[in-house]
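# Breakdown of the fold
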Amino acid sequence: MAFLKHLQLLGFQFIPLQRENCDDRERELENLRLEILRCKACPLYKTRKNPVLGEGNPHSILLFVGEAPGAEEDEQGRPFVGKAGELLTKIIKAMGLERGEVYITNVLKCRPPGNRNPRPEEIKACWPFLERQIEIIKPKLICTLGTFATQTLLGTQEKITSQRGTFKEWKGIKVLPTFHPAFLLRNPQYKRLAWDDIKKLMAEYQNLKSRDV
Ligand code: SF4
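What comes next is a walk through the structure.

Cut-offs applied
Residues numbered from 1 in each chain as written. Predicted model: local features only at pLDDT ≥ 70, side-chain atom pairs only at ≥ 80, totals over all residues. Heavy atoms only, no water. Buried < 20%, exposed > 50% of the residue type's maximum accessible area, 1.4 Å probe, protein only. Helix = DSSP H or I, 4+ residues; strand = E, 2+ residues; numbered from the N terminus. Pairing = 2+ DSSP bridges. Salt bridge = Lys/Arg side-chain N within 4 Å of Asp/Glu carboxyl O. Expected span 1.5 Å × (residues − 1). Bend = angle between axes of the 7 residues up to and from the residue. Phe/Tyr/Trp six-rings, centres within 6.5 Å; stacked < 30°, edge-to-face > 60°. Axes fitted to C-alpha atoms, helices over the stretch in contact; angles between N-to-C directions. Parallel < 35°, antiparallel > 145°, perpendicular 65-115°, else oblique. Contact = heavy atoms within 4.5 Å. Nonpolar A, V, L, I, M, F, W, Y, C, P; charged D, E, K, R; others polar. Core = buried A, V, L, I, M, F, W, Y, C linked by side-chain atoms within 4.5 Å.

## Side note on the pairing of strand 6 (residues 173-178)
A regular strand carries its side chains on alternate faces of the sheet. With five of six residues buried, strand 6 is to be regarded as a mostly interior element. The pairing of strand 5 (residues 168-170) with strand 6 spans three bridges and is classified as antiparallel. Across the sheet, the residue bridging to E169 is K174, located in strand 6. Hairpin connection of strand 5 to strand 6: two residues between the antiparallel strands, including K171 at a positive phi of 50°.

## Details of the pattern of salt bridges
All told, the structure shown has 13 salt bridges when counted by the stated rule. Among the salt bridges present, the one from R27 reaches D24, with a minimum N-O distance of 3.4 Å. Pair noted here: R27 and D24 are both in helix 2 (residues 22-38), with a separation of three residues, about one helical turn. The residue K171 makes a salt bridge to E131 at a minimum N-O spacing of 3.0 Å. Taken together, the positions of K171 in the loop between strand 5 and strand 6 and E131 in helix 6 (residues 120-137) put the pair 40 residues apart, joining distant regions of the chain. Judged by relative accessible area, which is 57%, K171 ranks as exposed. Linked by salt bridges that have partners in common, E55, R78 and R99 make up one network.

## Looking at the sheet that holds strand 5
With mixed pairing, the six strands of this open sheet are ordered in space as 1-3-2-4-6-5. If you trace the sheet from one side to the other, it starts and ends with strand 1 (55-56) and strand 5, each paired once.

## Side note on helix 6
Taking 1.5 Å of rise per residue, 18 residues should cover 26 Å, and helix 6 covers 25 Å from first to last C-alpha, within 8% of that figure. If you look at helix 6, its biggest bend is around 40°, right at C126, and the proline P128 turns up within four residues after that. For helix 6, the set of buried residues is E122, I123, C126, F129, L130, Q133, I134, I136 and I137. One or two positions beyond helix 6, positive phi appears at K138, with a value near 55°.

## Section: the packing of aromatic side chains
Applying the stated criterion to the full structure yields four aromatic pairs. Between the aromatic rings of F179 and Y190, the centroid separation amounts to 5.2 Å while the plane-to-plane angle is 65°, which identifies the pairing as edge-to-face. Residue F179 is located in the loop between strand 6 and helix 9 (181-186), and its partner Y190 is located in the loop between helix 9 and helix 10 (191-211); the two are separated by eleven residues in the primary sequence. The exposure class of Y190 is partly exposed, given its relative accessible area of 27%.

## Overview of the packing of helix 6 against helix 7 (residues 147-154)
At a minimum axis separation of 11 Å, helix 6 and helix 7 run at an interaxial angle of 75°. Judged on the interaxial angle alone, helix 7 and helix 6 are roughly perpendicular. Listed contacts from helix 7 to I123, W127 and I134 of helix 6 are F148, T152 and L153. Of the residues contributing to the contact of helix 6 with helix 7, the split by class is five nonpolar, one polar and no charged.

## Some points on the pairing of strand 4 (residues 141-145)
For strand 4, the buried fraction is high: five of the five residues fall into the buried class. Burial along strand 4 is two-sided: the residues L141, C143 and L145 and I142 and T144 are all buried. Here strand 2 (residues 62-66) runs beside strand 4; their pairing, made up of four bridges, is parallel. By the bridge assignment, F64 is partnered in strand 4 with C143.

## Let's talk about the nonpolar core
One finds L63, V65, I134 and I142 to be the most contacted residues of the largest nonpolar core, which totals 28 residues. Sort the elements by how many residues they give to this core and helix 6 lands first, with seven residues. With residues up to four places along the chain from it excluded, the contact list for L63 reads Y103, T105, I134, I137, P139, L141, I142 and C143. Counting 24 residues, the second largest nonpolar core, distinct from the first, contains F64, M95, C143 and I160.

## What about the environment of G77?
In this fold, G77 is placed in the loop between helix 4 (71-76) and helix 5 (83-94). Look at G77 and you get partly exposed, because its relative accessible area is 25%. Along the backbone, G77 and K109 are 32 residues apart, and their C-alpha atoms lie at a distance of 9.5 Å.

Structure representation (structure tokens):
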């Protein structure tokens, strides 16, 4: 009580309550990044140059999840900065957003040598990091890019071709699977289908954003 009176004397009319702010999430993500730096839960730590946690707005309602870092991502320690990253950035811009407005990460935080496919034991070892990342960011919408992200998040063995373009759910979060940008670069004939998916993603993003407080 004496403390409150003292504050009153100092001119405070009310006490601002501590709210979760950007720093809280950034701090938690930084802690996660430090854990990933020390991680030896699978052999990929031996061959990577830089682990890649992810980047973007930690308060975004939209999270993109890809497969794993490639050569350029491994060099820079940033997600989606190679050719596939350029395409993802274009996709985000086509949604009317800036790349920094969303959050982008991968299932694996370290590059598989030669960009080979992630192995089941590596995905299993790295999964807790992605799970915690989602818990910190609290997105309302997740776009899984490609087979591995989709299978990992949804716990399915189905291929991306049968999963893409329809909304699923994970722990109450809407999930829209679509093709990985690297796949689209190799198979441009699938870009039209991907754009159909992205239009659904845009509509749902706008819908959730309008209700976001
Ligand atoms: S890929 Fe994931 S589990 Fe494997 S060493 Fe890197 S951070 Fe650890």
